[in-house]
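One letter stands for each residue in the lines below.
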Amino acid sequence: MPDRNKNWIANLPKDRLIAEFSVWSADLVRLADDLARVDPYVDVLHIDVADGHFAPAMLFFPDLVAGVRKISTRPIHVHLMIDDSIVLSQIEQFADAGSDLISLHVENESVADAALALLETRNIAAGMVLRVETPVEAIRKYAPRLDFITLLGTAIGVKGQGLSDKACDRLGEARRIIADCGAAHRIVLAADGGIREHTVPLLRQGGAETVVLGSLAFNAPSLEERMAWLKAL
Ligand SMILES: O=C(CO)[C@@H](O)[C@H](O)COP(=O)(O)O
């Protein structure tokens, strides 16, 4: 298990794309086997949480994270897509379950400061995610307190969609905000949604350091070849 002092983030690869694997796209009926199959290629496991209200899907829960924690030594990134009213209580539960990084949405504005303070108290890395329609500028005031910033490239919480044509420009804007914010620690910029063979090179050029891999990895005809391709970009 990564240490809780956040050094694992500084130690993520810098010379190639970080591979964040989305558990939502795994074989959920044979999850342990599928996670073991992909494990040699995983830098970070990404677990989506959605409440059917903030995002249309209903996804994952703390016991699943606790189960994955027992079978994987990879850092676990929990992406909360949930209503403001339950953000703090869910951070507590996902922290207890063994998450290493928890991202809330920048649109959870009424609880954002309290959520970041809670993550600090729990010594868990802090992330924020922006919906594709939210101005990137919204992240500026939070940036120095973050370890990860993730930009959605598609409508929230729906698999199998095409990438927004604004996604790359938005990454460039986020890169500039990270550079301007003066943080002494590393802030990783991630792209989530619309991750396809033809979009990954564009996202990489746009400034993404990590991409959240769904079907592109889990359904690859040869995972070894797909990951060699990804790491060479
Ligand atoms: O958050 C998402 C989708 O928005 C990912 O976590 C999914 O897992 C991606 O699945 P694919 O569309 O790549 O199959």
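Reading the values: rules and limits
- Residues numbered from 1 in each chain as written.
- Predicted model: local features only at pLDDT ≥ 70, side-chain atom pairs only at ≥ 80, totals over all residues.
- Heavy atoms only, no water.
- Helix = DSSP H or I, 4+ residues; strand = E, 2+ residues; numbered from the N terminus.
- Expected span 1.5 Å × (residues − 1).
- Buried < 20%, exposed > 50% of the residue type's maximum accessible area, 1.4 Å probe, protein only.
- Contact = heavy atoms within 4.5 Å.
- Near = heavy atom within 4 Å.
- Polar contact = N/O pair within 3.5 Å; in protein donor to acceptor, adjacent residues only side chain to side chain.
- 1 Å grid on protein atoms, 1.4 Å probe; cavity = no way out; pocket = protein on both sides within 12 Å on 5 of 7 lines; lining within 4 Å.
- Sits in = over half its atoms within 2 Å of the grid points.
- Nonpolar A, V, L, I, M, F, W, Y, C, P; charged D, E, K, R; others polar.
- pLDDT = per-residue confidence, 0-100.
- Pairing = 2+ DSSP bridges.
- Right-handed = clockwise from strand over helix to strand, strands pointing away.
- Points joined across faces, edges and corners; volume = space filled by probe spheres on them.
- Salt bridge = Lys/Arg side-chain N within 4 Å of Asp/Glu carboxyl O.

A short note on helix α6 (residues 167-180)
Step number 1: Its 14 residues give α6 an end-to-end C-alpha distance of 20 Å, which sits within 8% of 20 Å, the value for a rise of 1.5 Å per residue.
Step number 2: For α6, the complete set of buried residues consists of Ala167, Arg170, Leu171, Gly172, Ala174, Ile177 and Ile178.
Step number 3: Close packing links the buried residues of α6 with β6 (125-130), β7 (148-152), β8 (188-192) and α7 (200-206).
Step number 4: Looking one or two residues past α6, glycine 182 carries a phi angle of roughly 75 degrees, positive in sign.

Describing the site of the ligand
Step number 1: Near the ligand you find Ser22, Trp24, Ser25, Asp48, Val158, Lys159, Gly160, Asp192, Arg196, Val212, Gly214 and Ser215, and these make up its full shell.
Step number 2: Serine 25 is positioned with one of its side-chain polar atoms (N or O) 2.8 Å from an oxygen atom of the ligand.
Step number 3: Glycine 160 has a polar backbone atom sitting 2.7 Å from an oxygen atom of the ligand.
Step number 4: More than half of the atoms belonging to the ligand lie within 2 Å of the grid points that define the largest pocket.
Step number 5: Looking at side-chain class alone, the shell around the ligand contains 3 nonpolar, 5 polar and 4 charged residues.

Digging into the confidence of the model for the protein
If pLDDT is low for a region, its predicted coordinates should not be looked at in detail.
Step number 1: Scored by pLDDT, the protein has a mean of 95; 98% of the residues are at 70 or more.
Step number 2: Of the two predicted TM-score estimates for the complex, the pTM is 0.96 and the ipTM is 0.94.

Considerations on the pairing of β7
Consecutive residues of a regular strand have side chains that alternate between opposite faces of the sheet.
Step number 1: Of all 5 residues making up β7, 5 are buried, and the element is well covered by its neighbours.
Step number 2: Alternating positions in β7 separate into two faces, Phe148, Thr150 and Leu152 on one and Ile149 and Leu151 on the other, with burial throughout.
Step number 3: Examined bridge by bridge, β6 and β7 share 4 bridges and lie parallel to one another. Counterpart to valine 129 in the pairing with β7 is threonine 150.
Step number 4: Bridging between β7 and β8 involves 5 bridges; their strand directions are parallel. Bridge assignment links leucine 151 to a residue of β8, and that residue is alanine 191.
Step number 5: Considered for its hand, the β-α-β crossover made up of β7, α6 and β8 is right-handed.

Describing empty space enclosed by the protein
Step number 1: Under the definition given, this model contains 1 cavity of 30 Å³ or more.
Step number 2: Of the voids in this model, the largest cavity is the one considered here, and its volume is about 40 Å³.
Step number 3: Forming the walls of the largest cavity are Leu151, Leu152, Gly153, Ala167, Arg170, Leu171, Ala191 and Leu203.
Step number 4: Those elements that place two or more of their residues in the lining of the largest cavity are β7 and α6.
Step number 5: With 3 residues, α6 is the single largest residue contributor to the lining of the largest cavity.
Step number 6: Split by residue class, the lining of the largest cavity holds 6 nonpolar, 1 polar and 1 charged.

Regarding the environment of leucine 163
Step number 1: Mapped onto the elements of the fold, leucine 163 is located in the loop between β7 and α6.
Step number 2: When near neighbours in sequence (up to four residues on either side) are disregarded, leucine 163 contacts Gly153, Thr154, Gly193, Gly194, Thr199 and Leu203.

Things to note about the pattern of salt bridges
Step number 1: What the rule picks out here adds up to 15 salt bridges.
Step number 2: A salt bridge links aspartate 100 to arginine 69; the nearest nitrogen and oxygen atoms lie 2.8 Å apart. Here aspartate 100 is found in the loop between α4 (84-96) and β5 (101-105), whereas its partner arginine 69 is found in helix α3 (residues 62-71), with 31 residues between them in sequence.
Step number 3: The class for aspartate 100 is buried, based on a relative accessible area of 2%.
Step number 4: Among the ionic pairs, glutamate 92 bridges to arginine 122, the shortest N-O distance being 2.7 Å. Taken together, the residues glutamate 92 in helix α4 and arginine 122 in the loop between α5 (109-121) and β6 connect sequence positions 30 residues apart.
Step number 5: With relative accessibility at 32%, the residue glutamate 92 sits in the partly exposed group.
Step number 6: What you see here is one network of salt bridges that share partners, running through Glu92, Asp96 and Arg122.

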